[in-house]
Every structure is written in structure tokens, then in C-alpha cells.
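Structural overview
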Amino acid sequence: MKPSSRGMAKVLWCLAMLALAAGWLTTVNPGIAGLDARYYFTAADLVGSGQNPYLSGDYLYPSFAAWLLGLARANLSPDVVTIGFNALIASSILMLAAGMIILAGLHPWSRRAPGVAGSYYWLGLATTAIFLFSGVTETVMNLGNISPIIGALCVWAGILYVRNRPLGAATLVALATVLKLVPAPLLAYMFMRGLRRRDRSMIAASVIGALLVLAGILVPPFANEFMHSAGGATKWGIDIGGACVSVHVWLARAFDNGFVNHPDIAFIVFAAATATAALYGWFSRAPTATTWLTVMLVANVASPKNCPHLFMAMTFGLFVLFARHMADLAATHVERAAVLVRLIPAIGLPLLAASSEFFYFRGHPVGTLVLPLIPPLAGVVIALELNSNRPAPTLD
């Protein structure tokens, strides 16, 4: 491609991305508080009035978010807080989409672009469209859940990590962790990788991140209540009507034993995932996008509190990276059939992940135990495929 043509292609790519973002924003109603947003607001009001936000069992997270929202609701009108909160969720979704494209190097500024017949141009657009207009993203926006904030913080932390900015990466992970505990294994991964490579900056950054997490959990009010009584046995894991993306929830369904979904069991599984992430950090060879997104997948699948939109926020970047990987493989072939064989799954598997909300048929054994496993298992297979190829895809 000639330089002038490449420059025009970049301009058109940017315009197409802006059109996607603008088209998606027209579907957002910032003035209506979703169900989860109301849970956050209720918890914030309770914290502001000195009452325990965990008694209802609807708010299950560290009190940091409720405390911050309480400050906002004490000084601003309810309508302003609602609009601001929804704007934060919407902007996080857009930042998450942008971060995944950057982390996967699936954009025209990648040094290896344009790939197969400009595939880096259209694959980036296609995966972004799949993410923005999926039913899962629509649901999380309607609910007003903070999962996109968690995912965006982790993905942009990954960008900093790959670019050897460990303190910035650890700080973003710490902020995500005090909102929801799910990203904690990323800090364990960074710490063990720093030990293995004797990287003092990585070790220091991970320790600082851990201290920030402890401060974010223990300093705000009602920290003790969170540690001892948040939720309860019936509120952890995922609601019965949702898709199964947590190991312990799937086991509870498979054995028809609700005790397996008890908070203690959930945290044992999460602790095992954290140890796995730490070992992965010890043996990982390079700070690539693949390693970071793999730990995000491990953290999500073993999460003590999970749902389809958290699965999308924490793992869809891995599917985007897989699209880039398949485009790289297709570039090594001349035959059209061989190229299509690789580019079809590059779109098909992200579509599968974006459909995870619908992998549950109420009351049917297949819908309860088999179909819900397909998206997370696809993520595991993708992680194994990406990790088995050297050099792994990175920010180039």
C-alpha cells in the first residue's frame, strides 16, 4: 500500500471508529438509573448516614465505591449524580473498547499493519462493533453496573505493563480491586514476575499496589462489615438466571449443591486462581499482552462474584488479541481458502464471547451445565493457543 493510500486508510478508519462510538452513544439513556446503580446509590446513602450498607445483601463490594458515591450524593442533586454515573459507565465502555484495540495492536498504527488485505483495519472495526453492540454491553449499560470500569482499568494497566510502566499499571489494578476484588491476581502475577526477573521496580510497584488495595478496603467506613458479612451464602457467585462463568458456580450447579457456592468456597477458588497467577508470573518470559490478558481470564473465571458483563469486561480483550493472532497466521498463506479458515474464527469467537449472556436456558440441563461453559472454555483454549506461540503478540 502506498503511503498516501495508507494515510487515507487511517483517516477512514478513525472516522469509522468515531461513527461506531457515536452510533452506540445514541442508544445510551443517561438520565435513568439502572437496577445495579440503584443498589450502589442505596449503599452510598446508607454509608453517608452512618448505617451498614451490607444488611440488604444487594451491595457486595468494598465500601470504597459507596463512600465515594455518598460524598457525591451529599453535595449534588440525584439527577446530576445519575447522569454523571451513567456517563462514567459509558465512557468506561468506550475506553475499554479502545484499550483492547491498542493492547492487541489491531489498528492501522501497528508496525505490522495492514496485514492480510487490510485485515488489521477491518478486524479492529469489527471486534469493536461486536463489543459495543452486543447484548451483554447493552445489559451492563441498562443495569448501571461498574464492570466496564473494572475492565477498562485492567486493560489500560496492561498497556502500561507492556510498556514497562509497572507503577502506573499497579496503581490502576489497585483502583480496580478496591471497586471489585476480581483483579487482585494481577498484582500477585506482577510480584512473582518481579521476583523471578529480579526486577526491583516491578516488585516495588506490586507491593505499593497491594498496600493501596489494603488502604482502599480497610480505611473507608464499614470495612469490618465487608470482611465479615458482605452478601451471604445466597448472594455470591452469580444469580441462578445468569450465564455460568465462575468455576464454583458451575460446580454448585453440576452437583446440585448450593454449599459449593458459599462465600468460603468461592474465596478458596479465588485464592487458588491468585496462586496460579503468581506461578504464571514466575514462569512468564516476557511482559506481553498475552500474559496480562491470560491472568485477567484466570481472575475472572475464578471470581467470587461473576456475571456475563464482568466476563466481557475482563476477557473480551483476549478474544480481540486472538483476532490479531489469526490475522498474523493468515498473512503466512497465499491460498484464499487457508486465509478464510483463519479469519473466520477471528470474528466467530469474539461473536461467541459477546453472546455469553444468552448461553443459559432456564430449567434445561444443557442450558444449565453445557452451553454456559462454552465462552469461558473458548477463552481458555485461546489463551493456550496464544501462549504456545513465540514470540507472543504484543504492542507493535
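Residues numbered from 1 in each chain as written. Predicted model: local features only at pLDDT ≥ 70, side-chain atom pairs only at ≥ 80, totals over all residues. Heavy atoms only, no water.

Section: the overall build of the protein
The secondary structure content of the protein amounts to 18 helices and 0 strands. Going through the 396 residues of the protein one by one, you find that 53% of them count as buried. A separation of at least 24 residues holds for 75% of the contacts in the protein among residues at least 6 apart in sequence. (Helix = DSSP H or I, 4+ residues; strand = E, 2+ residues; numbered from the N terminus. Buried < 20%, exposed > 50% of the residue type's maximum accessible area, 1.4 Å probe, protein only. Contact = heavy atoms within 4.5 Å.)

So, the nonpolar core
Ranked by size, the top nonpolar core spans 109 residues in total, and within it Phe131, Met190, Trp292 and Phe316 carry the most contacts. The element contributing the most residues to this core is helix H15 (residues 308-330), with 15 residues. Setting aside chain neighbours within four positions, we find phenylalanine 316 in contact with Met100, Thr127, Ile130, Phe131, Phe311, Pro350, Ala353 and Ala354. (Core = buried A, V, L, I, M, F, W, Y, C linked by side-chain atoms within 4.5 Å.)

A look at helix H14 (residues 289-301)
Given a rise of 1.5 Å per residue, 13 residues ought to cover 18 Å, and the 18 Å separating the end C-alpha atoms of H14 matches this to within 8%. With 12 of its 13 residues buried, H14 lies for the most part within the structure. Within the sequence span of H14, burial applies to Ala289, Thr290, Thr291, Trp292, Leu293, Thr294, Val295, Met296, Leu297, Ala299, Asn300 and Val301. (Expected span 1.5 Å × (residues − 1).)

A few points about unusual backbone geometry
Excluding glycine, most residues fall at negative phi; most peptide bonds, likewise, are trans. One non-glycine residue with positive phi stands out, namely arginine 198, at about 55 degrees. Following the sequence through the fold, arginine 198 ends up in the loop between helix H9 (184-197) and helix H10 (200-218). Look at phenylalanine 222: it is not a glycine, yet its phi comes out positive at around 65 degrees. Positionally, phenylalanine 222 belongs in the loop between H10 and helix H11 (223-229).

Some points on the confidence of the model for the protein
Low-pLDDT stretches of the model should not have their predicted coordinates read in fine detail. On average, residues of the protein carry a pLDDT of 84, and 87% of them reach 70 or more. Here residues 231-241 is modelled with pLDDT under 50, and outside its nearest four sequence neighbours on either side it reaches 35 contacts, counting other chains as well. (pLDDT = per-residue confidence, 0-100.)

Overview of a nonpolar patch on the surface
Among the surface-exposed residues, Phe191, Leu195, Val207, Leu211, Leu214, Leu218, Met227, Leu279, Trp282 and Phe283 lie close enough to one another that they form a single nonpolar patch of about 950 Å² accessible area. Contributing elements (two or more residues each) for the nonpolar patch: H9, H10 and helix H13 (263-283). For the nonpolar patch, the leading source of residues is H10, giving 4 residues. Here leucine 195 lies in helix H9. Leucine 195 gets classed as partly exposed once you look at its relative accessible area, which sits at 36%. (Patch = residues over 30% accessible without salt bridge, like charges linked within 9 Å, V, L, I, M, F, W, Y side chains within 5 Å. Areas by Shrake-Rupley, 256 points an atom, 1.4 Å probe, with all protein chains shown as cover. Salt bridge = Lys/Arg side-chain N within 4 Å of Asp/Glu carboxyl O.)

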